[in-house]
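Given next are the chains, with one letter for each unit.
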Amino acid sequence: EYKLAETVSEIFDVYMRHKQGKIARSTYLNSKSMFEKHVRPKIGYMKAVDVRRAHVLNIINPIAFEQNKPYQSNRVKELLSSVFNHAIDQGLLE
């Protein structure tokens, strides 16, 4: 039985438990690294239901434009999309 996940970090942890063993080890480690570096410090503490587009843009735009890493920026965006979609599919977010 699932409880509603509260924070972005919690839904990420659930997502990673689900993905462990189902994706390549390098992909798993890359996802974990991206989250720890870019996401957790900025919105990991936030309630997942409170995250808005502006929060995500505040994460991905500096990667794309200040660090000049558009590919990395897209990967972070894709990861967040997958994490949130998984949480919705699993009933962790309403």
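Before reading on, note that the structure itself is shown above.
Residues numbered from 1 in each chain as written. Predicted model: local features only at pLDDT ≥ 70, side-chain atom pairs only at ≥ 80, totals over all residues. Heavy atoms only, no water.

Caption draft 1: Spotlight on the side chain of His 86. By the element assignment, His 86 lies in helix H4 (residues 70-89). Residue class for His 86 comes out buried when judged on its relative accessible area of 9%. Other than its neighbours up to four places away in sequence, His 86 contacts Val 14, Tyr 15 and His 18. (Helix = DSSP H or I, 4+ residues; strand = E, 2+ residues; numbered from the N terminus. Buried < 20%, exposed > 50% of the residue type's maximum accessible area, 1.4 Å probe, protein only. Contact = heavy atoms within 4.5 Å.)

Caption draft 2: Spotlight on unusual backbone geometry. Residues other than glycine seldom take positive phi values, yet Asn 68 does so here, at roughly 55°. Relative to the elements of secondary structure, Asn 68 occurs in the loop between helix H3 (53-66) and H4. Here Asn 68 falls in the exposed class, since its relative accessible area comes to 61%.

Caption draft 3: View of the packing of aromatic side chains. All chains considered together, the criterion is met by one aromatic pair. Ring centres of Phe 12 and Phe 35 lie 3.8 Å apart, and the angle between their planes is 5°; on these two criteria the pair is classed as stacked. Placement of the pair is Phe 12 in helix H1 (residues 8-19) and Phe 35 in helix H2 (residues 25-43), with a sequence separation of 23 residues. Judged by relative accessible area, Phe 12 falls into the buried class, the value being 0%. Residue Phe 35 is classed as buried on the basis of its relative accessible area of 1%. (Phe/Tyr/Trp six-rings, centres within 6.5 Å; stacked < 30°, edge-to-face > 60°.)

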